[in-house]
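Listed below are the residues making up each chain.
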Amino acid sequence: MANHKSAAKKARRDAEARLRNRSNRSTLKSAVKSFLALIAGGKKDEAAKVLPLTQGLVDKACRKGVMHKNAADRTKSRLAQKVNNLA
């Protein structure tokens, strides 16, 4: 329990940010999961179309502070590699 007015406000803001981050993270994970399902199905054309959208969501999560810049870059790189490795 917060002992000061400012600490109570910080706790409220943290709770709101936690929900916002959870929503952004969930959206990102769902997009990556559906992208990986396309890869697993061997649908290279569809995966290539969805790749920029998925990478955009990764960038958005990075901008929102949900993930670190290096983690975002690594994720985007690995997604692109998966598309390129499909023959």
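Structure's up top.
J.: For this particular structure, what's the right way to read the nonpolar core?
T.: The nonpolar side chains of soluble globular proteins are, as a tendency, buried together. Core analysis: the biggest nonpolar cluster contains 16 residues, and Leu 28, Phe 35, Ile 39, Ala 47, Met 67 and Val 83 have the highest contact counts within it. Counting residues per element, the ones that place at least two in this core are helix 1 (5–40), helix 2 (44–63) and helix 3 (69–85). Among the elements that line this core, the one with the most residues is helix 1, at 5 residues. Residue contacts for Leu 28: discarding those within four places in its chain leaves Leu 57, Val 58, Ala 61 and Met 67.

J.: What exactly am I supposed to notice about a positive patch on the surface here?
T.: A surface patch of positive charge is lined by Lys 5, Lys 9, Arg 12, Arg 13, Arg 20, Lys 60, Arg 63 and Lys 64. Along the polypeptide, Lys 9 turns up in helix 1.

J.: What is the right way to read the pattern of salt bridges from this model?
T.: A side chain with one charge can pair with a side chain of the opposite charge if their charged atoms come near. Summed over the entire model, instances satisfying the criterion amount to 4 salt bridges. For Lys 10, the salt bridge goes to Asp 14, with nearest N and O atoms at 2.9 Å. A residue pair is termed a helical-turn pair when its members lie 3 or 4 positions apart in one helix, as Lys 10 and Asp 14 do in helix 1 at 4 residues. A salt bridge links Asp 59 to Lys 76; its shortest N-O distance comes to 2.8 Å. Taken together, the positions of Asp 59 in helix 2 and Lys 76 in helix 3 put the pair 17 residues apart, joining distant regions of the chain. Exposure remark for Asp 59: the relative accessible area of 28% places this residue in the partly exposed category.

So, how was this worked out
Residues numbered from 1 in each chain as written. Predicted model: local features only at pLDDT ≥ 70, side-chain atom pairs only at ≥ 80, totals over all residues. Heavy atoms only, no water. Core = buried A, V, L, I, M, F, W, Y, C linked by side-chain atoms within 4.5 Å. Buried < 20%, exposed > 50% of the residue type's maximum accessible area, 1.4 Å probe, protein only. Helix = DSSP H or I, 4+ residues; strand = E, 2+ residues; numbered from the N terminus. Contact = heavy atoms within 4.5 Å. Patch = residues over 30% accessible without salt bridge, like charges linked within 9 Å, V, L, I, M, F, W, Y side chains within 5 Å. Areas by Shrake-Rupley, 256 points an atom, 1.4 Å probe, with all protein chains shown as cover. Salt bridge = Lys/Arg side-chain N within 4 Å of Asp/Glu carboxyl O. Lys, Arg positive; Asp, Glu negative; His and termini not counted. Charge placed at Lys NZ, Arg CZ, Asp CG, Glu CD.

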